[in-house]
Amino acid sequence: MLKDKSLTYVSLFSCAGVGCYGFHMEDFHCVATNELLPRRLDVQKANHKCEYDSGYVSGDITTDEVKQHIYDEITRWSHKGNDRVDVVVATPPCQGISVINHKKTSKEINRNSLVVESVDVIKNIKPRFFIFENVMAFQKTLCITPDNRTIPIGDYIREALGEDYIISGRILNFMNYGSNSSRTRTLMIGVDKKYRNNSTPLDLYPDYQPEKTLREVIYNFPRLEWGEIHKNDFYHAFRTYSHEMRHWIHDLKEGESSFDNKDPLKRPHRVVDGKIVENIRKNRDKYTRQPWDRFIQCVHTRNDQLAAQNTIHPEQDRVYSIRELMTMMTIPEKFQWMEYTIDELNEMSDAEKKKIYKTHEVNIRQCIGEAVPTEIMRQIAVKIKHFLFGKMCDGTEVNKIIVEKNLTDREALTGFLKANPFDLDMASLMRITELCNARREKNAAFYTNKFIVNEIMGQLPVFSKDTIRILEPSVGAGSFVPFLFKQYENVPHVILDVIDVDAESIEAFKILLEQIGVPNNFTVNCICQDFLTWNAGAVPYDLSVGNPPFSKLKKHTKEIDACLKDNVNQKTNNLAAMFLEKCMRCSDCVALVLNKNILATEEYAATRDLLRTMRLDTIIDFGRYGFTGVSIETMCIIVYPKQKPKETSIYSMKYNRRLLREQNYITDNRFPSFIIYRDEQFDEVADKLDFNVFTVFRDRQITKSVTTSMKGKDTLWVIKARNINDDGLGITHIDNYDVFLPEKKAESFSVTRFLNDDNVYLTPNMTYNPRVIENIPDTIPDGSVAVLIPKKPFRLTVRQRAFFSTEEYRRFYGIARNLSTQSINVDNNSVFFYGVLKDDK
């Protein structure tokens, strides 16, 4: 994708640069690295991270001077042909872990607001990718926004950057992702939406792997005598301490603490006025000898003290050496902590070594304790590099390949998928597979874009069970499957049943599955059957997830009808609605991509009534982003059928808007549809109106073939949407737009019954800006205009008609239509919202 380009990154709050050294290892060039403390920046200089000395930016990032320094370095690199920075890595201090509803101080929140400074820099730099690494509670920790709101950090990052980036936040224990020691942290990754069809944050997270034991990591390091600095490795040294403390730990076995010694003199204490005063045991891990055959506990900043947590060697009477700590944190041997190379340090005299050790040791140990394990960032760097230099296809290239390779032929497609001659990424292969499905129209199968699957994964449940069962009821090319592998990589055993009615789709999926590779913890069962007639069995699935077909059921059979008899919604013929009900019967959690019209149209009223009775946990509104090449609005709903309604999380991808609402509030049966963006302003307007006062009629007979552009003596002017003035107070003739209908032809049309009927009103049928006018004499509306028919006789005043054109009502109406941009016809449901002012009847 990128050719002849230097990969670049900027590192913020970089400490000693241990984490982002992983990018350095993968040949990324550091444009600028910012750190407040010069002694830590000196470590980065010793490793020659930046090509220019000016790239080492020392100082407070909250100042304009420091920010400008960073921007100037980026400008310097732009002159070398780099269009933009590839990656920004930010690890801002997050000391005030002050989660919502917990006590917090303004000082802590202010310090946490350094995150806001990072976001500001990212917004200015506009990198291709960004990475935040921080404590486990990072996303829930409070910060102060530029407009002085106090909100969780995760919400602010998504709010501020979500318009331009796909963002995921995951909590990982790094020991299962390449680090040699336990470290549970948050990684938030953002990917420029330009790449949304081919790369997502979930693609970039490090790979799951079993944790290592302490024995596997440091057992082979040489033993050390008291005060020894190993002759072949300056950083493998015995840190000394007060001699009397040695008695406290000398006789300990693995896992034992000196606090448990029976002899009081061997328990941690101090002597005050000649009396022994024992230390208080505040933490069970202090003064504890570590076991060889367990995973390595988290490396803390005070790893120089016996009294700190998990610091004592399993056999020797000492804390871990710097080299051992480096290995635990996957810091490469070649990493330099000072200007001297390891060979130069090893050649020094003992006196010189001790002098240097005394000068640097505490800083080194603290930097290690604060670091991001190098291997974590190196893996992310590898994945970003692979993506940026990999081969991927846009829609034009995909179609070209399909034609040139004749991939609509099933045998040709099978051979192409197996060989992958162009070394395409998996997203491109899946896209080709769906497009080449010879039965695509019949099965209504469309390629599900990666970025919407990424968004869904972030909302799926976390399981603590040893075995979970997942159902994908319409697998197609398997867009969800790689994400499910990643999402549930730490569950001991996952049984994934994938179903598709099309045998050729199952065959193609199996080929793709071979290339993806099935993780050891997954068992994948491929089932070729119609999901509607398939027997799900008595044992419920933990999760059903997928993108069911959107088409209508073309043929009813006795078998299908027998399977559908339990459905609540007997009016719909839509397959997706049928899939939804069956999934809700056989699963504890259901996450399906659906047509957004399920929220509002009359056809799905029974479906909505069913959803009102269960927990509707999440609605992700994709707008028109859902499918490539298909202009329909989609959403994902995540439902817990066996749970009662609570709060519902709502996300609009188009507007980057996140809400949390009481489910009963947005599904209020006072209204005929779910109103997912309902708010106080909506309610204020609703309280002023009487609803359900009109029925609606829309012509479907007047077409271009029966009209003329010439006005004649015996013709009727056909009113179209654009003729209705924006203020709702009249109409306008439009040259080269107006058409006319001969009166004799009009007699046979149903809409003619409203000719010269001054009891009805007209409104544009499909618009974001509603307006209502009186019926115009000697005219007839076509299908772009809806006829509003009062249920009871009344007249709309000029004030009332003008109200329909106000920003107040239009905002209300947009929310009533769930901010839709596609299926916004004035139908039997939506006409309900053409309310009449209570004080203006």
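As a reminder, the structure under discussion sits directly above these lines.
Heads up: these notes are all about the structure in this document. Just so it is clear, the model here is predicted, and its values are computed rather than measured. (Residues numbered from 1 in each chain as written. Predicted model: local features only at pLDDT ≥ 70, side-chain atom pairs only at ≥ 80, totals over all residues. Heavy atoms only, no water.)

## A few points about the overall build of the protein
Step number 1: Across its full length, the protein holds 28 helices and 29 strands.
Step number 2: Its C-alpha atoms give the protein principal-axis dimensions of about 115 × 60 × 55 Å.
Step number 3: Relative to its full complement of 841 residues, the protein shows a buried share of 58%.
Step number 4: Long-range contacts, defined here as pairs at least 24 residues apart, represent 71% of the contacts in the protein between residues at least 6 apart.
Step number 5: Summed over its atoms, the accessible surface of the protein is roughly 37200 Å², and 48% of this surface lies on carbon and sulfur atoms. (Helix = DSSP H or I, 4+ residues; strand = E, 2+ residues; numbered from the N terminus. Buried < 20%, exposed > 50% of the residue type's maximum accessible area, 1.4 Å probe, protein only. Contact = heavy atoms within 4.5 Å. Areas by Shrake-Rupley, 256 points an atom, 1.4 Å probe, with all protein chains shown as cover.)

## Some thoughts on the packing of helix α15 (residues 410–419) against helix α20 (residues 503–516)
Step number 1: At a closest axis distance of 9 Å, the pairing of α15 and α20 adopts a crossing angle of 10 degrees. Here α15 lies roughly parallel to α20, going by the angle between them. Crossing of α15 over α20 shows right-handed handedness. Contact residues: Arg410, Thr414, Leu417 and Lys418 in α15; Glu504, Glu507, Ala508, Ile511, Leu512 and Gln515 in α20.
Step number 2: Tallied by class, the residues present in the contact of α15 with α20 amount to 4 nonpolar, 2 polar and 4 charged. (Axes fitted to C-alpha atoms, helices over the stretch in contact; angles between N-to-C directions. Parallel < 35°, antiparallel > 145°, perpendicular 65-115°, else oblique. Left-handed = near helix turned anticlockwise from the far one by under 90°. Nonpolar A, V, L, I, M, F, W, Y, C, P; charged D, E, K, R; others polar.)

## With respect to unusual backbone geometry
Step number 1: Positive phi values are uncommon outside glycine, yet aspartate 273 reaches one of about 55 degrees.
Step number 2: With relative accessibility at 78%, the residue aspartate 273 sits in the exposed group.
Step number 3: Here aspartate 778, not a glycine, exhibits a phi torsion of approximately 60 degrees, which is positive.
Step number 4: On the secondary structure map, aspartate 778 appears in the loop between β26 (773–774) and β27 (779–781).

## Some details on a negative patch on the surface
Step number 1: Taken together, the side chains of Asp42, Glu339, Asp343, Glu344 and Glu347 define an acidic patch exposed on the protein surface.
Step number 2: Take glutamate 347: it is sitting in the loop between α11 (342–346) and α12 (350–370). (Patch = residues over 30% accessible without salt bridge, like charges linked within 9 Å, V, L, I, M, F, W, Y side chains within 5 Å. Salt bridge = Lys/Arg side-chain N within 4 Å of Asp/Glu carboxyl O. Lys, Arg positive; Asp, Glu negative; His and termini not counted. Charge placed at Lys NZ, Arg CZ, Asp CG, Glu CD.)

## Observations concerning empty space enclosed by the protein
Step number 1: Inspection of every chain in the model, using the stated rule, returns 6 cavities of 30 Å³ or more.
Step number 2: For the largest cavity, the calculated volume is near 120 Å³.
Step number 3: If you go around the largest cavity, you meet 17 residues; those closest to its centre are Ile296, Gln297, Asn310, Tyr320 and Met328.
Step number 4: Of the residues in the lining of the largest cavity, the class split is 9 nonpolar, 7 polar and 1 charged.
Step number 5: In this structure, the second largest cavity encloses a volume near 60 Å³.
Step number 6: Considering the residues around the second largest cavity, the lining is formed by Gly162, Tyr165, Ile166, Ile167, Lys193, Phe451, Glu455, Tyr651, Met653 and Arg658. (1 Å grid on protein atoms, 1.4 Å probe; cavity = no way out; pocket = protein on both sides within 12 Å on 5 of 7 lines; lining within 4 Å. Points joined across faces, edges and corners; volume = space filled by probe spheres on them.)

## Some words on the pairing of strand β10 (residues 269–272)
Step number 1: By the bridge criterion, 4 bridges tie β10 to strand β11 (residues 275–278) in an arrangement that is antiparallel. In the strand pairing of β11, valine 271 is matched with isoleucine 276.
Step number 2: Following β10, the chain reverses through 2 residues before pairing antiparallel with β11; aspartate 273 in that reversal takes a positive phi of roughly 55 degrees. (Pairing = 2+ DSSP bridges.)

## Comments concerning the pairing of strand β14 (residues 522–528)
Step number 1: Here strand β13 (residues 493–500) pairs with β14 via 7 bridges, running parallel. By the bridge assignment for β14, leucine 496 is matched with valine 524.
Step number 2: Handedness of the β13-α20-β14 crossover: right-handed. (Right-handed = clockwise from strand over helix to strand, strands pointing away.)

## A word on a nonpolar patch on the surface
Step number 1: Taken together, the side chains of Leu265, Val271 and Ile276 define a hydrophobic patch exposed on the protein surface, amounting to about 280 Å² of accessible area.
Step number 2: Within the secondary structure layout, leucine 265 lies in the loop between α9 (246–249) and β10.

## Comments concerning the pattern of salt bridges
Step number 1: The final tally for this structure, using the stated rule, is 51 salt bridges.
Step number 2: Linking aspartate 86 and arginine 128 is a salt bridge whose minimum nitrogen-to-oxygen distance equals 2.8 Å. Of this pair, aspartate 86 sits in the loop between α3 (64–78) and β4 (87–90) while arginine 128 sits in the loop between α5 (114–125) and β5 (129–135), and the two are 42 residues apart along the sequence.
Step number 3: Judged by its relative accessible area of 0%, aspartate 86 is buried.
Step number 4: Residue glutamate 504 is joined to arginine 410 by a salt bridge in which the shortest nitrogen-to-oxygen separation is 3.5 Å. On the criterion of sequence distance, the pair formed by glutamate 504 in helix α20 and arginine 410 in helix α15 is long-range, its members being 94 residues apart.

## As for helix α22 (residues 575–586)
Since there are 3.6 residues in each turn of an α-helix, residues three or four apart along the chain are aligned in direction.
Step number 1: Taking 1.5 Å of rise per residue, the 12 residues of α22 would be expected to cover 16 Å, and the 17 Å separating its terminal C-alpha atoms lies within 8% of that figure.
Step number 2: For α22, the secondary structure elements touched by its buried residues are β12 (467–472), β15 (543–546), α21 (558–564), β16 (590–595), α23 (605–611) and β18 (634–640).
Step number 3: By the N-cap criterion, in which a side-chain oxygen at the helix start approaches the backbone nitrogen of a residue two or three places on, α22 is capped by asparagine 574, the distance to alanine 576 being 2.9 Å. (Expected span 1.5 Å × (residues − 1). Polar contact = N/O pair within 3.5 Å; in protein donor to acceptor, adjacent residues only side chain to side chain.)

## Some points on the sheet that holds strand β25 (residues 761–764)
Step number 1: In spatial order, the strands read β22-β28-β25-β26; together these 4 strands make up an open sheet with antiparallel pairing. With partners counted over all chains shown, the strands left at the sheet margins are β22 (694–698) and β26, one partner each.
Step number 2: Where β25 and strand β28 (residues 785–790) come together, 4 bridges link them in antiparallel fashion. Looking across to β28, one finds that proline 764 is bridged to valine 785.

## Some words on the nonpolar core
Step number 1: Counting 141 residues, the largest nonpolar core has Phe23, Tyr488 and Phe833 as its most contacted members.
Step number 2: Looking at this core element by element, the count peaks at 9 residues for α22.
Step number 3: Setting aside chain neighbours within four positions, we find phenylalanine 833 in contact with Phe671, Pro672, Ser673, Ile675, Phe682, Phe691, Tyr809, Phe812, Tyr813 and Ala816. (Core = buried A, V, L, I, M, F, W, Y, C linked by side-chain atoms within 4.5 Å.)

## Regarding the side chain of aspartate 304
Step number 1: Residue placement: aspartate 304 occurs in the loop between β11 and α10 (322–328).
Step number 2: Note on aspartate 304: relative accessible area 9%, which makes it buried.
Step number 3: Looking at aspartate 304, its side chain comes within polar contact range of the side chain of arginine 302, at 2.9 Å.

## A look at the packing of aromatic side chains
Step number 1: All chains considered together, the criterion is met by 45 aromatic pairs.
Step number 2: Measuring from centroid to centroid gives 6.1 Å for phenylalanine 129 and phenylalanine 387, while their planes differ by 90 degrees, and the two rings are edge-to-face. Of this pair, phenylalanine 129 sits in strand β5 while phenylalanine 387 sits in helix α13 (residues 374–389), placing them 258 residues apart in sequence.
Step number 3: Take phenylalanine 129: its relative accessible area is 0%, and that puts it in the buried class.
Step number 4: Phenylalanine 387 sits in the buried class, given a relative accessible area of 7%.
Step number 5: By the ring-pair criterion, three or more aromatic residues cluster together here, those being Phe671, Phe682, Phe691, Phe803, Phe804, Tyr809, Phe812, Tyr813, Phe832, Phe833 and Tyr834.
Step number 6: Above the face of the tyrosine 205 ring, arginine 170 is positioned so that its terminal group lies 5.1 Å from the ring centre.
Step number 7: One Lys or Arg, arginine 215, reaches over the ring of tyrosine 219 and ends 5.2 Å from the middle of that ring. (Phe/Tyr/Trp six-rings, centres within 6.5 Å; stacked < 30°, edge-to-face > 60°. Lys NZ or Arg CZ within 6 Å of the ring centre and 35° of its normal.)

Any link to function would need more than the numbers given here.
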